[in-house]
Amino acid sequence: MKNHPFWRSIVSGAVVGTILGLTFLLGFLFNDLINTDQVMGIGVAEFPLLNEVQVLLDQHYLREQPEHSALEYGAIRGVLETLGDHYTFFIEPPVAQSESDVLAGTYGGIGVQIQRNEQGQMIVYPYDDSPAATQGILAGAVLVAINGSLVDISMQPDLLDQMLRGEVKDGNGVTLTVIQSPDGDEFTAFVPFGVINVPSVIWRVVPEDLRIGYLQVLRFTNRTPDELAAAISELETTGVEGLVLDLRDNSGGLLNESIMVAGQFLGEGVVVYERNNQTEKSLEADSSRAITSLPLVVLVNHNTASAAELVAGAIQDRGRGILIGQQTFGKGTVQQIFRLSDGSSLHVTSAEWFTPEYQKLDGVGLQPDIVMIPDINGRDVELGEALRQLNSQLAQE
């Protein structure tokens, strides 16, 4: 590929997103999607040395160069790497769209969660009533092949997730091969694509103690506050007297929605302080549908991060409930998401969070009130301790 007369504009466009992310509405909403049409008029410095390199490559490089988009994406990543912040990064269009779909809580696909186990195998967990579950795929199945192509241990779960999504229309879907029986036999099924409403809240009455309600928030999407409110309402009708909020393995999500979730347990008041390079502001909860009368225990672990730490930290600092588990991840910065013109996106660190008592989250995490060591056999010892703590509180009432 020869002659790149537009190279300078490519690099300039790449840097525009970075400069904008660091200067435009810092500290606003986490995961805002900003239209790049608003920023194209901003002037940026030229990069004559980089342009000189490209000209020399065009004149002398022996082999064929990558496509324009690959060069452009490489330039963007190079700019971002100089910041030394791994939370400020660039995502190419297909993955960027997938991320947007997950945050919205709806997409076209087969409805499974994919996780890699300690042996490196890809394990699938179908959502309730999903196309995958309907076709007989069981929770915990080992993913062997997609459309006859073997799953490589080096493949990332995000890439596999992309392969299991698509347009919802007649005859559209994927053929999965899994191992889900004790004898190791393979099971193959065609799974049609359907509209997947990703559940963000799972709830139940604890079978071991019918006085306790269990709520697990998997991720903060735009449907989480309503899902949580509905779950709490259902639990209240059963007469539960205490609640367990499980934020283990919750990597975060949308800021506004996490504030609304915190408000459902705290009522009004400060949930978090957000500080950027110019100002600091408090983000406060709405008390319109708060449940503050029931004892509460929050479960956390090393994978509790970002917006989930925000909620847990507010509950701990405000004395609403105790934390049980392991020290949390320590992801206490805000990333804005800027949608770029080709469908890719730029994540930019723009602010930092502090709990109501000004605990620093980023790089530190939250220390549980009761620290637990995970059971080597997978038993849920954290939930067991939560039940004991709630029973003790209920006995004192």
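Preceding block: the structure.
Let me sum up the structure you'll find in this document. Only a predicted model underlies this, so the values are computations on that prediction, with no experimental measurement involved.

### Overview of helix H9 (residues 307-317)
Alright, step 1. Of all eleven residues in H9, eleven are buried, a share of seventy percent or more.
Alright, step 2. If you check which residues of H9 are buried, you get Ala307, Ala308, Glu309, Leu310, Val311, Ala312, Gly313, Ala314, Ile315, Gln316 and Asp317.
Alright, step 3. Contacts made by the buried residues of H9 are with strand E13 (242-246), helix H8 (255-266), strand E14 (269-275), strand E16 (296-300), strand E17 (322-325) and strand E19 (345-354).
Alright, step 4. Note on H9: the residue one or two positions beyond its end, glycine 319, has a positive phi of about 70°.

### Thoughts on the side chain of glutamate 352
Alright, step 1. Within the secondary structure, glutamate 352 is located in strand E19.
Alright, step 2. Note on glutamate 352: relative accessible area 19%, which makes it buried.
Alright, step 3. A polar side-chain atom of glutamate 352 sits 2.5 Å from a polar atom in the side chain of lysine 360.
Alright, step 4. When near neighbours in sequence (up to four residues on either side) are disregarded, glutamate 352 contacts Tyr273, Glu274, Arg275, Gly332, Thr333, Val334, Lys360 and Asp362.

### Points about the packing of helix H7 (residues 224-238) against H8
Alright, step 1. Remark: H7 packs on H8, axes separated minimally by 9 Å, with the N-to-C direction vectors making an angle of 20°. Comparing their axes, H8 and H7 come out roughly parallel. Here H7 runs over H8; the crossing is right-handed. Contact residues: Thr224, Pro225, Leu228, Ala229 and Ile232 in H7; Glu257, Met260, Val261, Gln264 and Phe265 in H8.

### Structural notes on a nonpolar patch on the surface
Alright, step 1. Together, Phe47, Leu50, Val53, Leu57 and Tyr61 make up a nonpolar patch on the protein surface, roughly 390 Å² of accessible area in all.
Alright, step 2. Relative to the helices and strands, valine 53 is located in helix H2 (residues 48-60).

### Some words on the packing of H8 against H9
Alright, step 1. Where H8 meets H9, the closest approach of the two axes is 9 Å, and the angle between their N-to-C directions is 25°. What the angle tells us is that H8 and H9 run roughly parallel. Of the two elements, H8 crosses H9, and the hand of that crossing is right-handed. Contacts between H8 and H9 pair Leu255, Ser258, Ile259, Ala262, Phe265 and Leu266 from the former with Ala307, Leu310, Val311, Ala314 and Ile315 from the latter.

### Considering the pairing of strand E15 (residues 280-285)
Alright, step 1. Where E14 meets E15, six bridges bridge the pair, whose relative direction is antiparallel. Of the residues in E15, the one forming a bridge with valine 272 is leucine 283.
Alright, step 2. Between E14 and E15, which pair antiparallel in sequence order, lie four residues.

### A few points about the nonpolar core
Alright, step 1. Membership of the largest hydrophobic core comes to 40 residues, with the highest contact counts inside it found for Leu215, Leu243, Leu245, Phe265, Val271 and Val298.
Alright, step 2. With residues near it in sequence (within four places) discarded, valine 298 still touches Leu245, Leu247, Ala312, Ile315, Ile322, Leu323 and Ile324.
Alright, step 3. Of all hydrophobic cores here, the second largest spans 19 residues; its members include Ile137, Ile146, Met155 and Val174.

### Some remarks on unusual backbone geometry
Alright, step 1. Even without glycine at this site, aspartate 129 takes up a positive phi of about 60°.
Alright, step 2. One can find aspartate 129 in the loop between strand E5 (122-126) and helix H5 (131-134).
Alright, step 3. One non-glycine residue, serine 306, adopts positive backbone phi at about 55°.
Alright, step 4. The topology assignment puts serine 306 in the loop between E16 and H9.
Alright, step 5. For serine 306, a relative accessible area of 3% corresponds to the buried category.

Thresholds, definitions, all that
- Going along each chain's sequence as written, the residues are numbered from 1 onward.
- Residues qualify for local features only when their pLDDT is at least 70, as the model is predicted, and side-chain atom pairs are given and counted only at 80 or more; totals for whole chains, interfaces and linings, by contrast, use all residues.
- Computation of side-chain values: all heavy atoms of the structure, hydrogens and water removed.
- Accessibility here uses a 1.4 Å probe with only protein chains present; expressed as a share of the type maximum, an area under 20% marks a residue as buried, one over 50% as exposed, and anything in between as partly exposed.
- Secondary structure follows DSSP: runs of H or I at least 4 residues long count as helices, runs of E at least 2 residues long count as strands, and numbering of each begins at the N terminus.
- Residues count as neighbours in contact if any of their non-hydrogen atoms are within 4.5 Å of one another.
- Pairs of N or O atoms are called polar contacts if they sit within 3.5 Å, as long as, within protein, a hydrogen donor faces a hydrogen acceptor (for residues adjacent in sequence, only side-chain-to-side-chain pairs).
- Note on method: axes are straight lines fitted to C-alpha atoms, helices fitted across the in-contact stretch only, with angles between N-to-C directions ranging 0 to 180 degrees.
- Oblique is the label for any angle not covered by the other classes, which are roughly parallel (under 35 degrees), roughly antiparallel (over 145) and roughly perpendicular (65 to 115).
- Left-handed describes a crossing in which the near helix is turned anticlockwise from the far one by less than a right angle; the clockwise case is right-handed.
- Like-charged residues within 9 Å of one another, or nonpolar side chains (Val, Leu, Ile, Met, Phe, Trp, Tyr) within 5 Å, are grouped into patches, provided each residue has over 30% relative accessible area and no salt bridge.
- Shrake-Rupley sampling with a 1.4 Å probe provides the accessible areas, and residues are treated as covered by the protein chains on show and by no other component.
- Counted as salt bridges are all cases of a side-chain nitrogen of Lys or Arg within 4 Å of a carboxyl oxygen of Asp or Glu.
- Paired strands are those between which DSSP finds at least two bridges.
- In these notes, a set of buried Ala, Val, Leu, Ile, Met, Phe, Trp, Tyr and Cys residues joined through side-chain atoms within 4.5 Å is what counts as a nonpolar core.

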